[in-house]
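Below, each chain spelled out in residue letters.
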Amino acid sequence: FSQSNFNSSGKIKENISKIPLIKASATVLNQKDSTVVKFGWSNLNGEFLLNNIPKGDFILLVCYPGYADYVENFKLDSTQTIRNFNNIVLISKALLLNEVMVKGQHTMLKMRGDTLEFDSKAFKIEPNAKVEDMLKQIPGMQVDRNGKITAYGQQVEKVLLDGEEFFGDDPTLITRNIRADMVDKIQLFDKPSTIAAATGINDGNSKKTLNIKLKEDKKKGLFGKISAGHGTNKFYQEQAMLNIFNPKRKIAVFANIANTGKVGLTQSDNNKYGFSAQSIEVFDGSILSSFVSSNNNEFSNESYNGQGIPSSVTAGVHFDQKFDKDKQYLNTNYLFGSLDVKGQLNNINRNQVSNAILSNKSNRRFNNDAFNHHVNGSYRINLDSLSTLEIALGTNSKKNENENAFISSTTSSIDGFLFNSTRRVSNSSDLYDIGSSALYTTKFKKPRRSLSFLINQYSYSNSSKGYLDVITNFLNSNNKIDSTQLISQLKQNEVKSNLLSGTLSFSEPISKSFSTVLSYGLGINSSSSIRESFNKSKDGEYGDFDQTFSNDFTFKEISNRFGSSLVFNKKNIYTTLGLTANVHSFEQLDQTVNQKFQKNFTNLSPSINFRNSYPQRGWLILAYSGKSIQPSIEQIQPIQSNEDPLNIRIGNSELSPSFINRFNASYIINKPSVGKLVNFNIIYSSTTNPFVNSSIINVSGETQYQTLNLGSKSVQNFSASTGYSKKISQKDLTLSLELRYNFNNFYGFTNKKLLESRVNVYGARLSSNIYKTNKYILDFNIRPSYNKSTSSQNAQLDNSGFTMVTDAYLNITLTKTMSISTTTSYSYQAKTKVFDTSNQIVLLNMVLTKSFFKDKSLKASISGNDLLNQNIGFNRNVLGSYLNETTYTTIKRYVLFSLAWDFSKFGKSPN
């Protein structure tokens, strides 16, 4: 009976003496899911016979202690009912390890819980390439020209080195300085806030984070870079960095000097030079005035945003040390930044009021200087096997010098010219802040039972002094000067704020899968704001005190926060349900008139998080959070200012909190065996009782602004994207396709009439990357989109139109020591009903490089920026009835001659 069914057989022998192996296991597995079909042992002659096997595709697995496994695929069907493997020879493991090399393809992506991990061995990189070059090859990850990283539609806010802070929050100091050949793994995850990590309650303040893990043999040694470049039109760019590493210590110093905008302060420096020392966070208990008037001057420019010509100097020192058998850890940073930006900006604004269209043209010349010193440090100690204490300290000082000169005019489509104005604003400010925190966490012998206490302190002071000179000419119907308004004042301001907060949390297991977390937080804030204005008297001195534009306010706030959450964790499923209640009281005292203003809020913030991980295959994440948003001090009781006398903001003490609901979903499917990655992302938010801007514009063009609650409407934001990437290993090619949709609506009042603007964006992104070793690298992507922008007030304000952006990078190896690379960017914006001309720009950059030495560590290059000289500072948009078109000074064509040396010396690789 058994011979009439499908079966397999064979004889198992040893590889050297060829003697039969007795009791060797022979197993037949399904190819589809590796489940066992049949199992047996070899007899005294080493033979085996497995009967009653169904037809199908199978795997034969033969095992014997001390010998390498034997694996072979086979098939049984009507044409082959019996498979005889004849002699199966097993090889000794000792011999196999000595003589056989196994080669395989590295898997790019692995899933580890809620962390995406990318293996550096799966990427092909040029000698001395940096981490940023590796990131550009990861499907779903984008790096723009300023170094900003976007992963699956979300901006990466923090980059760590081996899990620790490295020069604060500026990611470019890692991505543009750490060499790619030093990297072992790149990890992407959501880093919770300190409070969330301590309490276990998701507060919605997590940061998308990259962790760069170094190879073990690259953790001991030194590396660095020195480069200098000078070119036409007086452009220059110079860099120096030195890093000394060992497994217990990291020391790094750097300095950058440039006016090209490519090396220097970026948008992230606002955080880096703030109080962002590790673990220092402002109490998230709806504190309103902790940053009251932290930036009084609207023209302050502490970062370069592409407007003007920058001259920057940045420098820093980093030191971290593990000691006492890694029980203690110290991390310190000092950073200095200097930025000088000069330029010119022209604005054309149009706004419809009743039956007339008001047009404003302005020309602004600016010269802004910023100086920053920042020191931060953190210390962590394991007090015992169950308790940990973390202490952090950060202090920061800034000095800003700003000069802005305006010439503007406003006309009416009915009445002609209304007024013209010249305005000059200068300001000098000194800011100082210091923040500290301490986090104590202890675990108990009972698993998942823990107690933590977090205390934060933050103090802030800002003193400023400046001058305001305004001449406004009001014109009559004949365009003759009807009246003139003159303002010449000295402004002196001083703002202080002190915040102390603490959070106590306790976690307790309920069962094997359930835990609960309870927390209480208290925040106490005391702030003051003194503003003094002095008119210029007849003797030319500023001794005439102006009561209207002077004030003296004090603020006191107390916030109590109660939180609870339920946590479920079993196998691959992780779920949290949380609810936080904030009871907040606010008191404002106007010292000038001894008038008190009080307001109380009670806010509820629910949250739900669900994660289902599929090991090595993907994950599904669903999250919801609700949060109250308090009006700011400036919205409730703004301090009256005449810096722009034609645009006045007034307060609204009746404002009540808004509530924002956020929902996001993420689904990732990973198929490493075939190099495929598919992802789906949805983010939706809805704000009820939102804050909206109300403007009252009179026929003379003067505008009053006020913030109102819009209880009958909600502001909504929705974005959805899906991406697909495929790596074709045979051709060293990676293809990616992304489709996205975004929707936003905005509300506002103009002369008490409610306006709504809707923006729908339909877009796609097609990317390709191909790498041929020692031949060429090609990166290409095209991003077409259609923007549908409409206004409820006027169909003629339809700004719908087609846009497209194309980027291409090509690097060609000419010889063993020479290469040429080009970066081309093409942007196109079609004409619309509002703007009757299209706009298109082609930017072409090129670099010719000659390498020296065997390791190509010394490079001389000639680079050309904007060779077609088409870079223009230009921006235009429509919001409600408001139309704006801006042109500004920006960096254009230049040629740079550079010499760069990358050097390194590492210890031996471990066995």
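Check the entry above for the structure.
Residues numbered from 1 in each chain as written. Predicted model: local features only at pLDDT ≥ 70, side-chain atom pairs only at ≥ 80, totals over all residues. Heavy atoms only, no water.

## Here's the deal with the overall build of the protein
For step 1, the next point in the chain: On a plain count of helices and strands, the protein comes out with 6 helices and 47 strands.
For step 2, the next point in the chain: Expressed as a percentage of its 911 residues, the buried residues of the protein come to 47%.
For step 3, the next point in the chain: Partitioning the intrachain contacts of the protein with sequence separation of at least 6 by distance along the chain shows that 66% fall at a separation of at least 24.
For step 4, the next point in the chain: A total accessible area of about 44,400 Å² is found for the protein, and carbon and sulfur atoms account for 54% of it. (Helix = DSSP H or I, 4+ residues; strand = E, 2+ residues; numbered from the N terminus. Buried < 20%, exposed > 50% of the residue type's maximum accessible area, 1.4 Å probe, protein only. Contact = heavy atoms within 4.5 Å. Areas by Shrake-Rupley, 256 points an atom, 1.4 Å probe, with all protein chains shown as cover.)

## Observations regarding the sheet that holds strand β1 (residues 6–14)
For step 1, the next point in the chain: Strands sit in the order β4-β1-β7 across an open sheet of 3 strands; the sheet is mixed. The open sheet has two free edges, formed respectively by β4 (47–53) and β7 (82–90), since each of these has just one partner strand. For this sheet the average axis-to-axis angle between neighbouring strands, irrespective of direction, equals 15°.
For step 2, the next point in the chain: Here 7 bridges tie β1 to β7, and the two strands are oriented parallel to one another. For Lys11, the partnering residue across the bridge sits in β7 and is Asn87. (Pairing = 2+ DSSP bridges. Axes fitted to C-alpha atoms, helices over the stretch in contact; angles between N-to-C directions.)

## Examining the sheet that holds strand β10 (residues 141–143)
For step 1, the next point in the chain: Taken together, the 3 strands give an open sheet; going across it, the order is β10-β11-β12, and neighbouring strands pair in antiparallel fashion. Every interior strand has two partners, whereas the edge strands, β10 and β12 (154–155), have only one.
For step 2, the next point in the chain: Both β10 and strand β11 (residues 149–151) contribute to a ladder of 3 bridges, which runs antiparallel. Note on β11: the bridge partner recorded for Gln142 is Thr150.

## Section: the pattern of salt bridges
For step 1, the next point in the chain: Per the stated rule, a full pass over the model turns up 22 salt bridges.
For step 2, the next point in the chain: Note that Arg380 and Glu164 form a salt bridge whose closest N and O atoms lie 3.1 Å from each other. In this pair, Arg380 is assigned in strand β21 (residues 356–382) and Glu164 in the loop between β13 (158–161) and α3 (172–175), connecting sequence segments 216 residues apart.
For step 3, the next point in the chain: On the basis of relative accessible area, Arg380 is assigned to the partly exposed category, the value being 24%.
For step 4, the next point in the chain: For Lys596, the salt bridge goes to Glu587, with nearest N and O atoms at 4.0 Å.
For step 5, the next point in the chain: On the basis of relative accessible area, Lys596 is assigned to the exposed category, the value being 51%.
For step 6, the next point in the chain: Residue Glu587 is classed as partly exposed on the basis of its relative accessible area of 22%. (Salt bridge = Lys/Arg side-chain N within 4 Å of Asp/Glu carboxyl O.)

## A closer look at the packing of aromatic side chains
For step 1, the next point in the chain: Applying the stated criterion across every chain, the model contains 20 aromatic pairs.
For step 2, the next point in the chain: Relative to Phe545, the ring of Phe534 has its centre 5.5 Å away and its plane inclined at 65°; by these criteria the two rings are edge-to-face. In this pair, Phe534 is assigned in strand β26 (residues 514–535) and Phe545 in strand β27 (residues 544–545), connecting sequence segments 11 residues apart.
For step 3, the next point in the chain: Exposure remark for Phe534: the relative accessible area of 17% places this residue in the buried category.
For step 4, the next point in the chain: Given a relative accessible area of 39%, Phe545 falls into the partly exposed group.
For step 5, the next point in the chain: Here the basic side chain of Arg83 rests over the ring of Phe85, its NZ or CZ set 4.4 Å away from the ring centre.
For step 6, the next point in the chain: If you follow Arg423 out to its NZ or CZ, it ends over the ring of Phe406, 4.3 Å from the centre. (Phe/Tyr/Trp six-rings, centres within 6.5 Å; stacked < 30°, edge-to-face > 60°. Lys NZ or Arg CZ within 6 Å of the ring centre and 35° of its normal.)

## Quick notes on the nonpolar core
Nonpolar side chains tend toward joint burial in soluble globular proteins.
For step 1, the next point in the chain: Core analysis: the biggest nonpolar cluster contains 39 residues, and Phe118, Leu135, Met141, Ile186, Leu188 and Leu210 have the highest contact counts within it.
For step 2, the next point in the chain: Sequence-distant contacts of Ile186, that is, excluding residues within four places in its chain, are made with Leu116, Glu117, Phe118, Met134, Leu135, Ile138, Leu210, Asn211 and Ile212.
For step 3, the next point in the chain: With 18 residues, the next largest nonpolar core counts Phe6, Ile12, Phe48 and Leu50 among its residues. (Core = buried A, V, L, I, M, F, W, Y, C linked by side-chain atoms within 4.5 Å.)

## Considering the side chain of Asp779
For step 1, the next point in the chain: Within the fold, Asp779 resides in strand β40 (residues 776–791).
For step 2, the next point in the chain: Those residues in contact with Asp779 that lie beyond four places of it in its chain are Ser768, Asn769, Asp807, Ala808 and Tyr809.

## Quick notes on the side chain of Asn347
For step 1, the next point in the chain: Position of Asn347 among the secondary structure elements: in strand β20 (residues 328–353).
For step 2, the next point in the chain: Engagement of the side chain of Asn347 in a polar contact is seen with the side chain of Asn884, the distance being 3.0 Å.
For step 3, the next point in the chain: Within the structure, the side chain of Asn347 is placed 2.6 Å from the side chain of Thr886, a separation counted as a polar contact.
For step 4, the next point in the chain: Asn347 has contacts with Asn360, Lys361, Ser362, Asn884, Glu885 and Thr886, leaving out every residue within four places of it along the chain. (Polar contact = N/O pair within 3.5 Å; in protein donor to acceptor, adjacent residues only side chain to side chain.)

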